[in-house]
Amino acid sequence: MAVKQKDLRIGILTSGGDAPGMNAVIRAVVRAATHFGIRVYGIKTGYDGLFKGDIEEMTPADVSDIIYRGGTILKTARCPEMVTEEGQARAAEVAKVLRLDGLIVAGGDGSFKGAQALSKHGVNVMCIPATIDLDMDCTEYTIGFDSAVNTAADAITCIRDTSSSHERCSVVEVMGRNAGYLALWCGITGGAEEVLTPEHPLDTKSVIAQILKNRARGKRHNLIVVAEGVGGSDALAKEIERVLGIETRSTILGHMQRGGMPTATDRMHASVMGYMAVKAIHEGETNKVIAYKNGRHTLLSLKEALSAKTTYTPEMYEITKILAI
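Now for a quick tour of the structure. (Residues numbered from 1 in each chain as written. Predicted model: local features only at pLDDT ≥ 70, side-chain atom pairs only at ≥ 80, totals over all residues. Heavy atoms only, no water.)

### A few points about the overall build of the protein chain
Turning to step 1, where the next piece is worked out: Of the regular secondary structure elements, the protein chain holds 11 helices and 11 strands.
Turning to step 2, where the next piece is worked out: Scaling as 2.2 N^0.38, a compact globule of 325 residues should have a C-alpha radius of gyration of about 20 Å, and the protein chain matches this with 22 Å.
Turning to step 3, where the next piece is worked out: For the protein chain, the C-alpha atoms occupy an extent of roughly 75 × 40 × 35 Å along the three principal directions.
Turning to step 4, where the next piece is worked out: Of all 325 residues assigned to the protein chain, the portion counted as buried reaches 50%.
Turning to step 5, where the next piece is worked out: Of all intrachain contacts in the protein chain linking residues separated by at least 6 positions in sequence, the fraction that spans at least 24 positions is 73%.
Turning to step 6, where the next piece is worked out: Each charge class in the protein chain can be summarised by its mean position, and for the 37 positive and 38 negative side chains these summaries are 2 Å apart. (Helix = DSSP H or I, 4+ residues; strand = E, 2+ residues; numbered from the N terminus. Rg over C-alpha atoms; globule rule 2.2 N^0.38 Å. Buried < 20%, exposed > 50% of the residue type's maximum accessible area, 1.4 Å probe, protein only. Contact = heavy atoms within 4.5 Å. Lys, Arg positive; Asp, Glu negative; His and termini not counted. Charge placed at Lys NZ, Arg CZ, Asp CG, Glu CD.)

So, in structure tokens, the structure goes:
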């Protein structure tokens, strides 16, 4: 049942690292709010903008032609103040002064923890998982992941072409911080011979041994994908070249994976999740996460979402090894 309170006001902010599809979230929130007769305010530069009261009311016209744009029109920033109790209390007070009946936060795990702190101070929050790392245990999908995989896969395909031409070894580092999902997906879709992730780290000797086995089978070039959380791509490339005498190059793809046009998959998830966040506020729900589980979008309590834990299974890594033979 929809709440009977009149003139509902909600805010939306994007926080932490940007992810393709955040603009689609903003668009969905603004247009869904208009449908439900809710006033919506965009908060600039994440929690930092909330502290400063840097907000403006948004209309459907403000979000025209942004669904396909990368980045976030509301901008984003890290906010050290949100990790302190004093800062959290002050941010909550600003939200109350602004008379926000709900605050929609699109971001990753750190952004969710900030939202949880606000909820403890009486702010109603709705969280939307948006991070290219896919490192949130409460949901099977995070906005931006598919776009990042496609961007990295395209780059890896180009690198493999030149690696094949020169019969060299290529070490490619992708993002992913403390999670290896991006690296695993890039490894499988890019045809990598080896993948190094935080969940399944390998030492240099193991990588070199694998390259030797590959050359014994007739493979004249090799592709090694390394997750950002493992790092050391330059050092690994130099060691491979020193030990084996094989020309080896390292490439760190870096922040190019955060940018670019979001895929249709990311636009779809972002649109549905943005709509569901507004609908939940309209219906009187409080402190929820819009998650994707078992093939469906669903609402989870914020406490349940942040306490969720998943166990790493090596199946995808094993598939990478089998398909690399």
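### Examining the sheet that holds strand E5 (residues 125–129)
Turning to step 1, where the next piece is worked out: Pairing within the open sheet is mixed, and its seven strands lie in the order E3-E2-E1-E4-E5-E10-E11. Each edge of the open sheet is held by one strand with a lone partner, namely strand E3 (55–58) and strand E11 (296–301). Across the sheet, the axes of successive neighbouring strands diverge by a mean angle of 25 degrees, strand direction being ignored.
Turning to step 2, where the next piece is worked out: Inspection of the sheet shows strand E4 (residues 102–107) paired to E5 by five bridges, in the parallel sense. Within E5, the residue paired with Val105 across the bridge is Cys127. (Pairing = 2+ DSSP bridges. Axes fitted to C-alpha atoms, helices over the stretch in contact; angles between N-to-C directions.)

### Focus on the sheet that holds strand E7 (residues 194–196)
Turning to step 1, where the next piece is worked out: The four strands lie next to each other as E7-E8-E6-E9, forming an open sheet whose pairing is parallel. Lying at the two open borders of the sheet, with one neighbouring strand each, are E7 and strand E9 (248–252). Across the sheet, the axes of successive neighbouring strands diverge by a mean angle of 15 degrees, strand direction being ignored.
Turning to step 2, where the next piece is worked out: Examined bridge by bridge, E7 and strand E8 (residues 222–227) share three bridges and lie parallel to one another. Residue pairing in the sheet places Glu194 in a bridge with Ile224 of E8.

### A word on unusual backbone geometry
Turning to step 1, where the next piece is worked out: The backbone of Glu167 sits at a positive phi, close to 50 degrees, despite the residue not being glycine.
Turning to step 2, where the next piece is worked out: Residue class for Glu167 comes out partly exposed when judged on its relative accessible area of 42%.
Turning to step 3, where the next piece is worked out: Despite not being glycine, Asn287 has its phi angle at roughly 50 degrees, a positive value.
Turning to step 4, where the next piece is worked out: On the secondary structure map, Asn287 appears in the loop between helix H9 (264–282) and strand E10 (288–293).

### Here we look at the packing of helix H7 (residues 204–216) against helix H8 (residues 233–244)
Turning to step 1, where the next piece is worked out: Contact geometry for H7 and H8: axes closest at 10 Å, N-to-C directions at 55 degrees. By the angle class used here, H7 and H8 are oblique. With respect to the hand of their crossing, H7 and H8 are arranged in right-handed fashion. Between H7, through Thr204, Val207, Ile208, Ile211 and Leu212, and H8, the contact on the second element is made entirely by Leu236, Glu239, Ile240, Val243 and Leu244.
Turning to step 2, where the next piece is worked out: Considering only residue class, the contact of H7 with H8 consists of eight nonpolar, one polar and one charged. (Parallel < 35°, antiparallel > 145°, perpendicular 65-115°, else oblique. Left-handed = near helix turned anticlockwise from the far one by under 90°. Nonpolar A, V, L, I, M, F, W, Y, C, P; charged D, E, K, R; others polar.)

### A word on the environment of Tyr312
Turning to step 1, where the next piece is worked out: Within the fold, Tyr312 resides in the loop between helix H10 (302–307) and helix H11 (315–323).
Turning to step 2, where the next piece is worked out: For Tyr312, a relative accessible area of 28% translates into the label partly exposed.
Turning to step 3, where the next piece is worked out: A C-alpha to C-alpha distance of 24 Å links Tyr312 and Leu299, two positions 13 residues apart in sequence.
Turning to step 4, where the next piece is worked out: Beyond its immediate chain neighbours, meaning those up to four positions away, Tyr312 contacts Glu199, His200 and Tyr317.

### Topic: the pairing of E10
Turning to step 1, where the next piece is worked out: Across two bridges, E5 lies against E10 in parallel orientation. Looking across to E10, one finds that Cys127 is bridged to Val289.
Turning to step 2, where the next piece is worked out: Relative to E11, E10 runs antiparallel, the two being bridged by six bridges. By the bridge assignment, Lys293 is partnered in E11 with Arg296.
Turning to step 3, where the next piece is worked out: The hairpin turn running from E10 into E11, its antiparallel successor, is two residues long, and Asn294 in that turn takes a positive phi close to 55 degrees.

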